[in-house]
Amino acid sequence: MKYLVEEKYVHEFLDLDETDYMVGHDDGSQIEFLSPFRYYVNQSYGYKREKKDLHYNNIPLPEFWGVYPDGFNGMVMDKYIRKANIYFKEPIIKRYVKSVEWLEEERLYRRDVYDCYGVKYYSEYLNNDGDLTNVIYYGKDGKEVVIYQPKNEVFFLLENGMVNQVMYSYKDFFMLFCRSIYERGKGCIKGYGRSRGFVYM
């Protein structure tokens, strides 16, 4: 299996073997490549899951709220107030949820992204200016597993709702991921980290 390096941070890596990794963004839609985010989410579950999708009728909602089609997309309504926009995976005719953008007085404040297992993979939180402030990744039973603050490039690993480790760069976060895989005997990116005291094969 190849390992996924987030595209916006690829400049932090100068010595990775391209046969062992790929560059892109982990939006939860695939399991062919392993990112640090997916790894820690999987660790939370502790067992292999079957791929499935979430139909928009099954989005968790407060009582009396409803979902409705809206052209090629969908929407969440509380009586006459639009509370969210729903975006579908391809093919959109099946109305499987890709993401839900939650609104407060028409302002987008949170974007929930659903993965290939039909559960909420992560949430993006935005401030009043529309800037991304926090990204939270969820594990089993919706527990927070990783909190990422993009502005400061800080990564928090959580265990049982408590912060367990803090990394101050994506590179450090990725190194921790590699070390964890290596210690479990799963291997990692070939040759990565030799000069840093690790040998991952």
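The shown structure was predicted, so the numbers you read here are calculated from the model rather than taken from an experiment.

Basis of the calculations
Residues numbered from 1 in each chain as written. Predicted model: local features only at pLDDT ≥ 70, side-chain atom pairs only at ≥ 80, totals over all residues. Heavy atoms only, no water. Pairing = 2+ DSSP bridges. Helix = DSSP H or I, 4+ residues; strand = E, 2+ residues; numbered from the N terminus. Expected span 1.5 Å × (residues − 1). Buried < 20%, exposed > 50% of the residue type's maximum accessible area, 1.4 Å probe, protein only. Contact = heavy atoms within 4.5 Å. Salt bridge = Lys/Arg side-chain N within 4 Å of Asp/Glu carboxyl O. Phe/Tyr/Trp six-rings, centres within 6.5 Å; stacked < 30°, edge-to-face > 60°. Lys NZ or Arg CZ within 6 Å of the ring centre and 35° of its normal. 1 Å grid on protein atoms, 1.4 Å probe; cavity = no way out; pocket = protein on both sides within 12 Å on 5 of 7 lines; lining within 4 Å. Points joined across faces, edges and corners; volume = space filled by probe spheres on them. Nonpolar A, V, L, I, M, F, W, Y, C, P; charged D, E, K, R; others polar.

### Thoughts on the pairing of strand S8 (residues 107-114)
As paired elements, strand S7 (residues 97-104) and S8 share 6 bridges and run antiparallel to each other. When the sheet's bridge partners are listed, leucine 103 is paired in S8 with leucine 108. Counting the residues between successive antiparallel strands, the hairpin from S7 to S8 contains 2 residues, one of them, glutamate 105, with a positive phi of roughly 55°. Pairing geometry for S8 and strand S9 (residues 120-126), over 5 bridges, is antiparallel.

### With respect to helix H2 (residues 170-183)
Taking 1.5 Å as the rise per residue, H2 with 14 residues should run 20 Å; its terminal C-alpha atoms sit 20 Å apart, in good agreement. Within the span of H2, buried status applies to Tyr170, Phe173, Phe174, Met175, Leu176, Phe177, Cys178, Ser180 and Ile181. Where H2 is buried, its residues contact strand S1 (2-6), strand S3 (33-34), helix H1 (36-45), strand S11 (144-149), strand S12 (154-159) and strand S13 (162-167). Looking one or two residues past H2, glycine 185 carries a phi angle of roughly 75°, positive in sign.

### Section: the environment of methionine 175
Note on placement: methionine 175 falls in helix H2. With 66 residues separating them along the chain, methionine 175 and tyrosine 109 place their C-alpha atoms 31 Å apart.

### Observations regarding the pattern of salt bridges
One pass over the structure, following the stated rule, counts 7 salt bridges. Residue arginine 82 pairs with aspartate 70 through a salt bridge whose shortest N-O separation is 3.2 Å. Note that arginine 82 is positioned in strand S6 (residues 81-88) and aspartate 70 in strand S4 (residues 66-70), a separation of 12 residues in sequence. Residue class for arginine 82 comes out partly exposed when judged on its relative accessible area of 32%. Classification of aspartate 70 as partly exposed rests on a relative accessible area of 32%. We note a salt bridge from arginine 111 to glutamate 124, for which the minimum N-O separation is 2.5 Å. On the criterion of sequence distance, the pair formed by arginine 111 in strand S8 and glutamate 124 in strand S9 is long-range, its members being 13 residues apart. The network of salt bridges with common partners includes Glu101, Arg111 and Glu124.

### Here's the deal with the packing of aromatic side chains
Throughout the structure, instances matching the rule amount to 24 aromatic pairs. For the pair phenylalanine 37 and phenylalanine 173, a centre-to-centre distance of 5.2 Å together with 50° between the ring planes defines the contact as tilted. Taken as a pair, phenylalanine 37 in helix H1 and phenylalanine 173 in helix H2 lie far apart in primary sequence, 136 residues in all. A relative accessible area of 0% places phenylalanine 173 in the buried class. Note on tyrosine 170 and phenylalanine 173: the rings are 6.3 Å apart at their centroids and 65° apart in plane angle, and the pair reads as edge-to-face. With a gap of 3 residues between them, tyrosine 170 and phenylalanine 173 both fall in helix H2, about one helical turn apart. Comparing tyrosine 170 with phenylalanine 173, the two get one shared label, buried. Note that lysine 120 overlies the ring of tyrosine 138, its terminal NZ or CZ placed 4.8 Å from the centroid.

### Observations concerning the layout of surface pockets
There is about 540 Å³ of room inside the largest pocket. Taken together, 20 residues line the largest pocket, and the ones lying closest to its centre are Met1, Leu34, Arg38, Tyr39 and Asn42. Of all the elements, H1 adds the most residues to the lining of the largest pocket, at 5 residues. Of the residues that constitute the lining of the largest pocket, the class distribution is 10 nonpolar, 3 polar and 7 charged. Space inside the second largest pocket adds up to approximately 410 Å³. Tyr40, Gln43, Leu158, Glu159 and Asn164 are, among the 19 residues lining the second largest pocket, the residues nearest its centre.

All we've got here are geometric facts, nothing functional implied.
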